[in-house]
Amino acid sequence: MAICDTCGNDYDKAFQVTKGGKTMTFDSFECAIAAMAPKCVHCGCRVIGHGVEASGGKIYCCAHCAAQSSVTGLKDRI
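What you see is a predicted model, and the numbers here were worked out from it, not measured in a lab.

K.L.:
Looking at this model, I keep getting lost on the pairing of strand 3 (residues 15-19). Mind explaining?
P.N.:
Each regular strand carries side chains that alternate between the two faces of the sheet. Inspection of the sheet shows strand 3 paired to strand 4 (residues 22-26) by 5 bridges, in the antiparallel sense. The residue of strand 4 that forms the bridge with Val 17 is Met 24. Linking two consecutive strands that pair antiparallel, namely strand 3 and strand 4, is a turn of 2 residues; a positive phi of about 60 degrees is found at Gly 20 within it.

Printed below as a string of structure tokens:
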């Protein structure tokens, strides 16, 4: 069995995700999202969809949050 890097659960169906050369072990997608998904710069929610990216690599969950942070010219991907 393998131990989840987020919650510490020892689980026989754990899986690994590699991002940027770093590999982590998880027992659920929830734990993987909590550990690896970026946070919206404005509202702090985890971005598990496409989101939108502003200059400087700032990630927002949607164009509305970007606009609330005075970022212009971004559109949601549809």
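Here the narrative resumes, following the displayed structure.
K.L.:
What is the right way to look at the pattern of salt bridges in this model?
P.N.:
Side-chain pairing between opposite charges can occur once the charged atoms of the two side chains come close. Per the counting criterion, the structure on display carries 1 salt bridge. Note that Lys 13 and Asp 12 form a salt bridge whose closest N and O atoms lie 3.3 Å from each other.

K.L.:
Sorry if this is basic, but what is going on with unusual backbone geometry here?
P.N.:
Most of the time, phi is negative for any residue but glycine, and the peptide bond is trans. Positioned with a positive phi, Ser 70 is a non-glycine residue whose angle comes to about 65 degrees. Relative to the helices and strands, Ser 70 is located in the segment after helix 2 (63-68). For Ser 70, a relative accessible area of 65% corresponds to the exposed category.

K.L.:
Even after reading the chapter, I still don't get the side chain of Thr 25, so can you show me in this structure?
P.N.:
The residue Thr 25 is located in strand 4 in this model. Of the polar contacts made by the side chain of Thr 25, one reaches the side chain of Gln 16; its length is 3.4 Å. Dropping the residues within four chain positions of it, Thr 25 is found in contact with Ala 2, Ile 3, Cys 4, Asp 5, Ala 14, Phe 15 and Gln 16.

What counts as what
Residues numbered from 1 in each chain as written. Predicted model: local features only at pLDDT ≥ 70, side-chain atom pairs only at ≥ 80, totals over all residues. Heavy atoms only, no water. Pairing = 2+ DSSP bridges. Helix = DSSP H or I, 4+ residues; strand = E, 2+ residues; numbered from the N terminus. Salt bridge = Lys/Arg side-chain N within 4 Å of Asp/Glu carboxyl O. Buried < 20%, exposed > 50% of the residue type's maximum accessible area, 1.4 Å probe, protein only. Polar contact = N/O pair within 3.5 Å; in protein donor to acceptor, adjacent residues only side chain to side chain. Contact = heavy atoms within 4.5 Å.

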